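# Chains, contacts and geometry: an overview
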Amino acid sequence: VVTLPLMVPSAPMSHLDIQDIPENLKNGMLCYFGTNSIIDTRGANASLEDVWLQDEKTFCYDIQSGRTPVCDNCGMAPLYVSIYMVFNFAYNICLVCILKYGNSNILWLSMTFMVPLY
């Protein structure tokens with residue numbers, strides 16, 4: 001909820017028009033549920049040279065398979081995002097437990113050891 005107002009100033013910084021934010025959110029939710037949302041409508045008849053000469057935002061091509069060009073691959077997105085959320089939640093719980101059962105010095109020491117891992 002806190003991040004929703006921050007979408008407006010951060011959109012131009014990531015080269016996204018402000019009016020494209022709702023469509024971008026919709027496509028992100030579709031991708032989270034495993035549905036590809038950005039598909040090249042020209043089909044498999046497009047030559048590789050045509051694809052490279054066109055705008056990057058409009059056309060994509062899967063070089064390895066040569067299939068119909070698909071710009072996003074959302075098949076494994078639910079798994080990856082869910083794994084990230086579980087590990088992030090467990091990490092935050094561990095920080096709270098260190099602070100609760102230890103003290104701030106132990107938390108500071110553990111965070112000092114974590115910095116090289118990033």
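Worth saying up front: this structure is predicted, and the values here are computed from it rather than measured. (Residues numbered from 1 in each chain as written. Predicted model: local features only at pLDDT ≥ 70, side-chain atom pairs only at ≥ 80, totals over all residues. Heavy atoms only, no water.)

### Details of the overall build of the protein
Along the backbone of the protein there are five helices and zero strands. By the burial criterion, 12% of the 118 residues in the protein qualify as buried. Counted over contacts in the protein with a minimum sequence separation of 6, partners at least 24 positions apart contribute 41%. Split by element, the accessible area of the protein, about 9600 Å² in all, is 67% carbon and sulfur. (Helix = DSSP H or I, 4+ residues; strand = E, 2+ residues; numbered from the N terminus. Buried < 20%, exposed > 50% of the residue type's maximum accessible area, 1.4 Å probe, protein only. Contact = heavy atoms within 4.5 Å. Areas by Shrake-Rupley, 256 points an atom, 1.4 Å probe, with all protein chains shown as cover.)

### Re the packing of helix H4 (residues 77-101) against helix H5 (residues 104-114)
The N-to-C vectors of H4 and H5 enclose an angle of 145°; their axes lie 8 Å apart at closest approach. Across the interface between the two elements, Tyr91, Leu95, Ile98 and Leu99 of H4 pack against Ser104, Ile106, Leu107, Ser110, Met111 and Met114 of H5. (Axes fitted to C-alpha atoms, helices over the stretch in contact; angles between N-to-C directions.)

### Structural notes on the state of the cysteines
One pass over the structure, following the stated rule, counts one disulfide. Between the sulfur atoms of Cys31 and its disulfide mate Cys74 the distance is 2.1 Å. Disulfide Cys31-Cys74: the torsion about the S-S bond is -105°, which places it as left-handed. One end of the pair, Cys31, is in helix H2 (residues 21-32); the other, Cys74, is in the loop between helix H3 (48-53) and H4, with 43 residues separating them in the sequence. We note that Cys94 lacks a disulfide partner, and the nearest cysteine sulfur, in Cys97, lies 6.5 Å from it. According to the relative accessible area criterion, Cys97 is partly exposed, its value standing at 34%. (Disulfide = S-S within 2.5 Å.)

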